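Here is how the chains run, residue by residue.
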Amino acid sequence: VTFGLRYDFKMMTVNTSNNWSQNTSSYNQSASGSLIFQPKAGFVDFNNEYSIDRAEIKLIPFLDVNNNGKMDTDEQIVLDLNIKFPRGKKHLTKDGSTIFSGLEPYVENNIELNADNLGNIAWHIQNKNISVILNPNQLRTVYVPVVVVGEIGGFVYKKENETLSFLNGIKVSIFDLSHHLVATVLSEQDGYFSYLGLKNGNYTAEVDAKQLAGLHFTASPKMIPFEIKNGSNGTLIDNFEFVLTKN
């Protein structure tokens, strides 16, 4: 007769078994589990799963205020980043980073990131999909820069008989200091236009020249220079006004 019990604890698995035969009996006990210790990452984990030859990854989202792609000493970790990754075991650390353990090595891991829950519309993630291949028995650290962007906005008017009225469907282009096109937006039904996504720097806003020529309009002013200084909370400049008159 054999009788056994198995206990699955969070830190280990314990097995006990008893065997009785005609004149003998035996009793066995065993415990299994794993310890993951990564001192450089400040990560220690006891678990009841087999971790030898498995891999780990640590994601550190940070506020990249100066847009250099590196985490500087004065830049903070960003909390509440939405990470979609169905593999491994997820650990939330005290410093705000996220670790996934028990991953299969030598295979491609695709991680999806979403900044919608960060609570600041000026915080954006440029690379929302990360693909990494991990080595066994190693923890890989991946820094995730969250960039700060600025927003501009204003109105487009049509001037006729000294009367101003809103003008929709007008293209407003944004150029950088080298006059490279950054973005183009359309004015809405109430004449309002806006664009969110500008990094630190100097820019100009201009009504599209080809559209002006086709509509036989002249814009005043021809361009509006402005500077974006985002800091950690972004910049909002929404006082632009373009007045269009017939040639």
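Residues numbered from 1 in each chain as written. Predicted model: local features only at pLDDT ≥ 70, side-chain atom pairs only at ≥ 80, totals over all residues. Heavy atoms only, no water.

Draft legend 1. Main features of the overall build of the protein. Counting secondary structure elements, the protein contains one helix and 22 strands. Within the protein, the fraction of its 247 residues that count as buried is 37%. Long-range pairs, those at least 24 residues apart, make up 57% of the contacts in the protein with a sequence separation of at least 6. Summed over all atoms, the accessible surface of the protein reaches about 15,100 Å², with 50% contributed by carbon and sulfur. (Helix = DSSP H or I, 4+ residues; strand = E, 2+ residues; numbered from the N terminus. Buried < 20%, exposed > 50% of the residue type's maximum accessible area, 1.4 Å probe, protein only. Contact = heavy atoms within 4.5 Å. Areas by Shrake-Rupley, 256 points an atom, 1.4 Å probe, with all protein chains shown as cover.)

Draft legend 2. Region of the structure containing the sheet that holds strand S7 (residues 82-84). If you trace the three strands from one edge of the open sheet to the other, you get S7-S10-S12, paired in antiparallel fashion. This sheet does not close on itself; its edge strands, each paired only once, are S7 and strand S12 (129-133). Here the average twist between neighbouring strands, direction ignored, is 25°. In the sheet, S7 pairs with strand S10 (residues 108-114) via three bridges, with the strands oriented antiparallel. Opposite Lys84, over in S10, you have Glu112 as the bridge partner. (Pairing = 2+ DSSP bridges. Axes fitted to C-alpha atoms, helices over the stretch in contact; angles between N-to-C directions.)

Draft legend 3. Representation of the side chain of Glu206 within the structure. Mapped onto the fold, Glu206 is located in strand S19 (residues 201-207). No salt bridge forms around the buried Glu206; measuring N to O, its nearest opposite-charge neighbour Lys222 is 10 Å away. Among the polar contacts made by the side chain of Glu206, one reaches the side chain of His179 at a distance of 3.2 Å. Those residues in contact with Glu206 that sit more than four places away from it in its chain are Lys171, Val172, Ser173, Phe175, His179, Lys222, Met223 and Phe242. (Lys, Arg positive; Asp, Glu negative; His and termini not counted. Salt bridge = Lys/Arg side-chain N within 4 Å of Asp/Glu carboxyl O. Polar contact = N/O pair within 3.5 Å; in protein donor to acceptor, adjacent residues only side chain to side chain.)

Draft legend 4. Inspection of the environment of Asp64 at higher detail. Along the chain, Asp64 falls in strand S6 (residues 55-64). Considered as a pair, Asp64 and Val78 are 14 residues apart in the sequence and their alpha carbons are 9.7 Å apart. The residues touching Asp64, leaving out its near neighbours within four places in the chain, are Gly69, Lys70, Glu75, Pro145, Val146, Val147 and Val148. Within the structure, Asp64 has its side chain in polar contact with the backbone nitrogen of Gly69 (distance 2.8 Å).

Draft legend 5. Up close: the pairing of strand S9 (residues 98-103). Burial within S9 is extensive, with five of its six residues counted as buried. Bridge analysis of S6 against S9 gives four bridges, and the strand direction is antiparallel. The partner of Ile57 across the bridge, within S9, is Phe100. Where strand S8 (residues 89-92) meets S9, four bridges bridge the pair, whose relative direction is antiparallel. Within S9, the residue paired with Lys90 across the bridge is Phe100. In this antiparallel pair of consecutive strands, S8 and S9, the connection spans five residues, and Gly96 shows a positive phi of 100°.

Draft legend 6. Quick peek at the pattern of salt bridges. Scanning all chains against the criterion turns up two salt bridges. In this structure, Glu160 and Lys158 form a salt bridge, with 3.9 Å as the shortest nitrogen-oxygen distance. Between Lys159 and Glu162 there is a salt bridge whose closest N-O contact spans 3.7 Å. Note on Glu162: relative accessible area 69%, which makes it exposed.

Draft legend 7. Seen up close, the nonpolar core. Ranked by size, the top nonpolar core spans 24 residues in total, and within it Ile57, Ile83, Ile111, Leu113 and Trp123 carry the most contacts. Of all elements in the fold, only S6, S9, S10, S12 and strand S13 (139-148) reach the threshold of two or more residues within this core. With near-sequence residues (within four places) excluded, Trp123 lies in contact with Leu63, Gln76, Val78, Ala115, Leu118, Val146, Val147, Val148 and Ser232. Listed in part, the 22 residues of the second largest apolar core include Val172, Val185, Val207 and Ile228. (Core = buried A, V, L, I, M, F, W, Y, C linked by side-chain atoms within 4.5 Å.)

Draft legend 8. Here's a closer look at the side chain of Thr98. Mapped onto the elements, Thr98 comes out in strand S9. Excluding residues that lie within four positions of it along the chain, Thr98 makes contacts with Ile57, Lys58, Leu59, Ile83, Lys90, His91 and Leu92.

Draft legend 9. Just the environment of Ser165, in detail. With respect to the secondary-structure elements, Ser165 resides in strand S15 (residues 163-166). Along the primary structure Ser165 and Leu244 are separated by 79 residues, whereas in three dimensions their C-alpha atoms are 9.8 Å apart.

Draft legend 10. Region of the structure containing the pairing of S19. For S19, a buried count of five out of seven residues is recorded, marking the element as mostly surrounded by other parts of the structure. Here strand S16 (residues 171-176) runs beside S19; their pairing, made up of five bridges, is antiparallel. Paired with Phe175 across the bridge in S19 is Thr204. Where S19 lies against strand S21 (residues 223-228), six bridges are found, and the strand directions are antiparallel. Each bridged residue has a counterpart across the sheet, and for Gly201 the counterpart in S21 is Ile228.

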